[in-house]
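As a plain string of letters, each chain reads:
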Amino acid sequence: VSRWWPSIRAALILLACMIGVIDGCPVPPHDQTRKYAPEWAPTILEIDRFRLGLLKPVRPIADLTLIRQKWSLFSGASLRRFQMRLEGKPRDGQWKTLFRAGDDDVAMYADMLHYRRIRGVWNPSGQRLRGGYDRFCKWMNTRVLADHPEFDQSRVVLERIQIGADGGYTPTGELLHERLLDRRSIR
Amino acid sequence: MRRAGLTSVRTRIARWAGDWVALWNRREAPTALVMVRIGVAVVLLADLMTAWRLDLIEVLWAPPPDGFAYVSPKNPPWSVRWFGAGPDLAFGLWLAAVIACCAMAIGAATRVACVVFVLVYAQLGVLAPDSDRGIDVLMRIVVGILAFSACNARWSVDAWVRRKIGKPMPETVPAWPRYLLFAQLIWMYFSSGQNKAGSEWFPSAGFTALGNVLSDPHFARFDPGWVEAIHPLTRVATVVTMLFELGAPAMILFTWWHVTADRPGRLRRWSNKLRLRWVWIATGIGFHLGIALTMQLGIFPWGMLAVYPVLFHPDEIARGAAWIRSRVRRGKSAG
């Protein structure tokens, strides 16, 4: 075995590299292919099916270790973004902002909310909400109502902002993806 | 004639195969791998301790009502099947990851620690899929490769124990894990460049991507007012980022030309003369330090930089360390 080991190892490394390249192949998402290149969609889907078939034998390893080779760091950096707000409301009162992303004047829970693992949940991917957004909002609102007996309601909301052509941003006042919790509903 | 052609092709393939086997069979000092082991372990430990300091262990990895972790009812992960989801499992997995990181950092039972870390960290990722970022995937890959390496051959409890029992670690270790990590780093940048879908990364939208990201209140470390003042520079930085990422495979050539500097070739000569390998490395370091300075991305820049020692041959690291030592000594004697 020791005589053949260098050759076996080199072959295994080549196989691992090939699997990595196949896994990381930049196949566009199916919905985008159908939308932007409908004439190419069947071919691309067929190629992707073939690619996934090749990867099937190693899928258990990828599932166990949660690794993949398609990397996407800030793939989109649109001018239409959001600014997350966390607010509480006393009975018959106005919404009071406890946290607004990027605003040092309202920064309650800022350490926690800006921790990368927590931000990963509330920060949308492009224009799409993350899968855990609802669960996060429910937990966060419950926490706010527990910490602030003066509030009857708590909400997480994303305000639409427009990033300027030369940097900076302007809030638009459009509130999206509001998730509200009323104290009565937890009693 | 045809047979001669076939023989020639066969000879060429055999030669390539031989070169490929020889490449992955090389040995070198373990310095770079040791640095990656310690650097990666320290970065991961810092991140896990941040989760503890902010009291987020249950929040992230226990399902409601204790936290907001996700447990698939149809296909729960092995940790949930074995131990049941909840705060105890969250803390147990976190603690196992912390212990594995400590063991990796000091090089105690390193291979076991690396394997345990990859498995446990993957479970944390399954329970909190939105919290598992690209850097976490990279860290699992890096630690997974380290598990097969002799990254414990220096500055480790393992090496100390081996010395004590009279079976010291060898001076040189297989170089292939460093080469593989090198290739991983290159692929990560290249793949990232390929998957940049937004027009802001391209001329059609005026290369405004980095300006936009630096203005985004979800990521920006400072008030975005300053971005307007330097906006043209952010456009240049966007171009450089795209060149850096899409041009990453060229780093393999730059390194090859650097290693074989005594061979002929105009491109090799120019690459070495312009120090393109060093330019690429310096761009990468600048890129990550810039991110660390201006954006709140957690361990991403530090995790990436922790893998950078694989870009250097151990002899270069030794020369660099000797140069720093001589400078320090000179500074002390002058003082």
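Quantities reported herein were computed from a predicted structural model and do not represent experimental measurements.

Student: Explain the pairing of strand E3 (residues 153–163) of chain A here, please?
Tutor: Regular strands show a simple pattern: their side chains alternate between the two faces of the sheet. Residue and element names in this part refer to chain A. The element E3 is largely enclosed, with a buried count of ten among its eleven residues. When strand E1 (residues 80–89) meets E3, the two strands line up antiparallel, connected through ten bridges. Bridge pairing in E3 links Leu86 to Val156. With nine bridges connecting them, E3 and strand E4 (residues 169–182) associate as antiparallel partners.

Student: Explain the environment of Arg10 of chain B to me, please; I cannot follow it from the model alone.
Tutor: Counting through the fold element by element, Arg10 of chain B comes out in helix H1 (residues 2–24). Taking the C-alpha atoms as reference, Arg10 of chain B lies 43 Å from Asp136 of chain B; in sequence the two are 126 residues apart.

Student: Would you mind showing me how to read the pairing of strand E2 (residues 96–100) of chain A here?
Tutor: Residues and elements named next belong to chain A. By the bridge criterion, four bridges tie E1 to E2 in an arrangement that is antiparallel. Paired with Arg85 across the two strands is Arg100, which belongs to E2. Counted along the chain from E1 to the antiparallel partner E2, the turn is six residues long, and its residue Asp92 has a positive phi close to 60°.

Student: Would you mind showing me how to read the sheet that holds E1 of chain A here?
Tutor: Sheet strands pair by backbone hydrogen bonding; their relative direction is either parallel or antiparallel. All names here are of chain A. The four strands lie next to each other as E2-E1-E3-E4, forming an open sheet whose pairing is antiparallel. Edge strands, defined here as strands with exactly one partner in the open sheet, are E2 and E4. For this sheet the average axis-to-axis angle between neighbouring strands, irrespective of direction, equals 30°. Helix H7 (residues 133–147) rests against E1, E2, E3 and E4 of the sheet, and its axis sits at about 125° to E3.

Student: I tried to follow helix H3 (residues 41–55) of chain A on my own but got confused; where do I start?
Tutor: Since the α-helix turns once every 3.6 residues, residues separated by three or four places project in the same direction. Residue and element names in this part refer to chain A. The terminal C-alpha atoms of H3, which comprises 15 residues, lie 21 Å apart, in line with the 21 Å expected from a rise of 1.5 Å per residue. Along H3, the residues classified as buried are Ala41, Leu45, Asp48, Arg51 and Leu55. For H3, the arc enclosing every buried residue in end-on projection is 120°, short of the 170-degree limit, so these residues lie on one face. Turned more than 90 degrees away from the buried face of H3, the exposed residues are Pro42, Arg49 and Phe50. Next to the buried residues of H3 lie helix H1 (5–23), helix H2 (30–36) and helix H4 (59–65).

The rules behind the values
- Positions within a chain are numbered from 1, following the residues in the order the chain's sequence is written.
- Lettering of chains starts at A and numbering of ligands starts at 1, both following the order in which they are written.
- Residue-level local features of this predicted model are given only where pLDDT is at least 70; pairs of side-chain atoms are given and counted only at 80 or more, and the full residue set underlies all totals for whole chains, interfaces and linings.
- With hydrogens and water set aside, each side-chain value is computed from the structure's full complement of heavy atoms.
- For the exposure calls, accessible area comes from a 1.4 Å probe over protein chains only, and a residue counts as buried if that area is under 20% of its type's maximum, exposed if over 50%, partly exposed in between.
- Helix and strand definitions here come from DSSP, where helices need a minimum of 4 consecutive H or I residues and strands a minimum of 2 consecutive E residues; each element is numbered from the N-terminal end.
- Two strands are said to pair when DSSP picks up at least two bridges between them.
- Working convention: axes come from line fits to C-alpha atoms, limited for helices to the stretch in contact. Angles between N-to-C directions cover 0 to 180 degrees.
- Residue contacts are defined here by distance: any two heavy atoms, one from each residue, within 4.5 Å place the two residues in contact.
- Under the convention used throughout, the expected extent of a helix is 1.5 Å for every residue step, that is, one less than its residue count.
- Of all possible arcs, the one meant is that of the directions from the helix axis to the C-beta atoms.

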